[in-house]
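# A structural walkthrough
Spelled out from the first residue to the last, the chains are:
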Amino acid sequence: MFCPNCGAKNAPDAVFCENCGTRLTPAATQQPTSQKIPTQPVTSNIPSRQMQTANKGPKKQPNKAMIGLIVALVVIIIGGGGYYFYHQKQVANNTAANTSSNETVSASSSSAAPTRTALCSTSKTSDLSSFMSSWEDTMNQSYIGTYDGDTVDVDGITLPDDIKNNDYEGNITVDGEDVTLKWSPKADTDKEYQVVAASVYNHNDDGESKMIAYLYVFHNGEPDVLVCEETGSSAHDFTSSRNQQLQNGFKKIANESN
């Protein structure tokens, strides 16, 4: 080996340099060449994505029955809510329509025949029936009257129906004039002639058919008895009766409190 100090050649097993005395490092003490340590493959403890996916197992399928139930409940709730609001709207519309209709009918009725304080009543009609029954005996006559619930036929004019239906026009006049008659047992309207009752006495006189007809009216609010004795005529003209006993009897009844 060669001395590292002076470069002299020495024996391979020399401990000191024969030239300069420098200690020589024995060959045996030289650092052995490093040996490569075989590298072991490192195994990761972290499972791969594939392994994780495999370990999870198959995905759970959604419960179709539960989904169907939820959908059905949603449909029922939406449908029920829609029906409720539709029904409420219909009720509101019907209420508004009925209110409007009632107001219209009420307004129409009011304009057609405004009501006033009744001048006659059921009890007064009953009193008129009693009075006429007594008066007939006095006159030796027999009358058919609406105050007894009967229909009166005045030479082809049916009362009270023809007055109620306005079929009397052209067939009944008062003092030769066409007038508007209103059949009103309570006399609670503003009409000029309110008819509360009618009666007729049909008889034969020397083989000839005769008739005496009465209309018990309130003329402009005042009681009056109209009479007609015409037969065989298309127009029957009524005038205020001159029979004071009849007039006074009806006025007494009319002026009684209801």
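Thresholds, definitions, all that
Residues numbered from 1 in each chain as written. Predicted model: local features only at pLDDT ≥ 70, side-chain atom pairs only at ≥ 80, totals over all residues. Heavy atoms only, no water. Phe/Tyr/Trp six-rings, centres within 6.5 Å; stacked < 30°, edge-to-face > 60°. Buried < 20%, exposed > 50% of the residue type's maximum accessible area, 1.4 Å probe, protein only. Helix = DSSP H or I, 4+ residues; strand = E, 2+ residues; numbered from the N terminus. Lys, Arg positive; Asp, Glu negative; His and termini not counted. Salt bridge = Lys/Arg side-chain N within 4 Å of Asp/Glu carboxyl O. Polar contact = N/O pair within 3.5 Å; in protein donor to acceptor, adjacent residues only side chain to side chain. Contact = heavy atoms within 4.5 Å. Pairing = 2+ DSSP bridges. Patch = residues over 30% accessible without salt bridge, like charges linked within 9 Å, V, L, I, M, F, W, Y side chains within 5 Å. Areas by Shrake-Rupley, 256 points an atom, 1.4 Å probe, with all protein chains shown as cover. Core = buried A, V, L, I, M, F, W, Y, C linked by side-chain atoms within 4.5 Å. Arc of directions from axis to C-beta. Expected span 1.5 Å × (residues − 1). pLDDT = per-residue confidence, 0-100. Charge placed at Lys NZ, Arg CZ, Asp CG, Glu CD.

## Some thoughts on the packing of aromatic side chains
Following the criterion strictly, the structure yields eight aromatic pairs and no others. For the ring pair Tyr214 and Tyr216, a centre distance of 6.4 Å and an interplane angle of 45 degrees mean the geometry is tilted. Pair check on accessibility: Tyr214 and Tyr216 agree, each one buried.

## Brief notes about unusual backbone geometry
Cis geometry marks the peptide bond from Leu159 to Pro160; its omega dihedral reads 15 degrees. Within the fold, Pro160 resides in the loop between strand E3 (157-159) and helix H4 (161-164). Although it is not a glycine, Asp155 adopts a positive phi angle of roughly 50 degrees. Assignment of secondary structure puts Asp155 in the loop between strand E2 (152-154) and E3.

## Some remarks on the side chain of Asp224
Note that Asp224 resides in strand E9 (residues 222-228). Buried Asp224, no salt bridge; nearest opposite-charge side chain is Lys251, N-O distance 6.3 Å. Engagement of the side chain of Asp224 in a polar contact is seen with the side chain of Gln247, the distance being 3.0 Å. With sequence-adjacent residues up to four places away left out, Asp224 is seen in contact with Leu215, Tyr216, Val217, Ser240, Gln247 and Phe250.

## Points about the pairing of strand E8 (residues 208-219)
For strand E7 (residues 193-205) and E8, the ladder comprises twelve bridges, and the chain directions are antiparallel. Opposite Val200, over in E8, you have Ala213 as the bridge partner. Here E7 folds back onto E8, and the loop between the two strands holds two residues, one of which, Asp206, carries a positive phi near 60 degrees. As consecutive antiparallel partners, E8 and E9 are separated by two residues, and within that stretch Asn220 has a phi angle of approximately 55 degrees, a positive value.

## Notes on a nonpolar patch on the surface
On the surface, Met66, Leu69, Ile70, Leu73, Val74, Ile76, Ile77 and Ile78 cluster together into a nonpolar patch covering about 810 Å² of accessible area. With respect to the helices and strands, Val74 occurs in helix H2 (residues 64-112).

## Some remarks on the nonpolar core
Counting residues in hydrophobic clusters, the biggest one holds 22 residues, and the most contacted among them are Leu159, Leu181 and Leu215. Of all the elements in the fold, those that place two or more residues in this core are E2, E3, strand E4 (172-174), strand E6 (181-183), E7, E8 and E9. With residues near it in sequence (within four places) discarded, Leu181 still touches Ile163, Tyr168, Ile172, Tyr193 and Val195. Grouped together as the second largest cluster of nonpolar side chains are 21 residues, Met132, Tyr147, Phe218 and Leu246 included.

## Description of helix H5 (residues 244-254)
Within the sequence span of H5, burial applies to Leu246, Gln247, Gly249, Phe250, Ile253 and Ala254. Buried residues along H5 cover an arc of 165 degrees about the axis, so they all sit on one side. Residues of H5 that are buried in the fold lie against helix H3 (122-139), E7, E8, E9 and strand E10 (236-240). Here H5 starts with a cap whose side-chain oxygen sits 3.2 Å from the backbone nitrogen of Gln245, and that cap is Asn243.

## Describing H3
Taking 1.5 Å of rise per residue, 18 residues should cover 26 Å, and H3 covers 25 Å from first to last C-alpha, within 8% of that figure. Taken residue by residue, H3 has Lys124, Thr125, Leu128, Ser129, Phe131, Met132, Trp135 and Glu136 as its buried positions. Tucked into the core, H3 has its buried residues touching E7, E8 and H5. Backbone geometry just downstream of H3 places Asn140 in the positive-phi region, at approximately 55 degrees.

## Some words on the environment of Gly170
Within the secondary structure, Gly170 sits in the loop between H4 and E4. Sequence-wise, Gly170 and Ala235 are 65 residues apart; in three dimensions their C-alpha atoms are separated by 6.2 Å.

## A word on the confidence of the model for the protein
Averaged over all residues, the pLDDT of the protein is 81; the fraction at 70 or higher stands at 75%. pLDDT under 50 marks residues 27-38. Its contacts with residues more than four places away, or in other chains, come to one contact.

## Considerations on a negative patch on the surface
Negative charge collects at one region of the surface, where Asp161, Asp167, Glu169, Asp175, Glu177 and Asp178 lie side by side. Among the structural elements, Asp167 can be located in the loop between H4 and E4. For Asp167, a relative accessible area of 43% corresponds to the partly exposed category.

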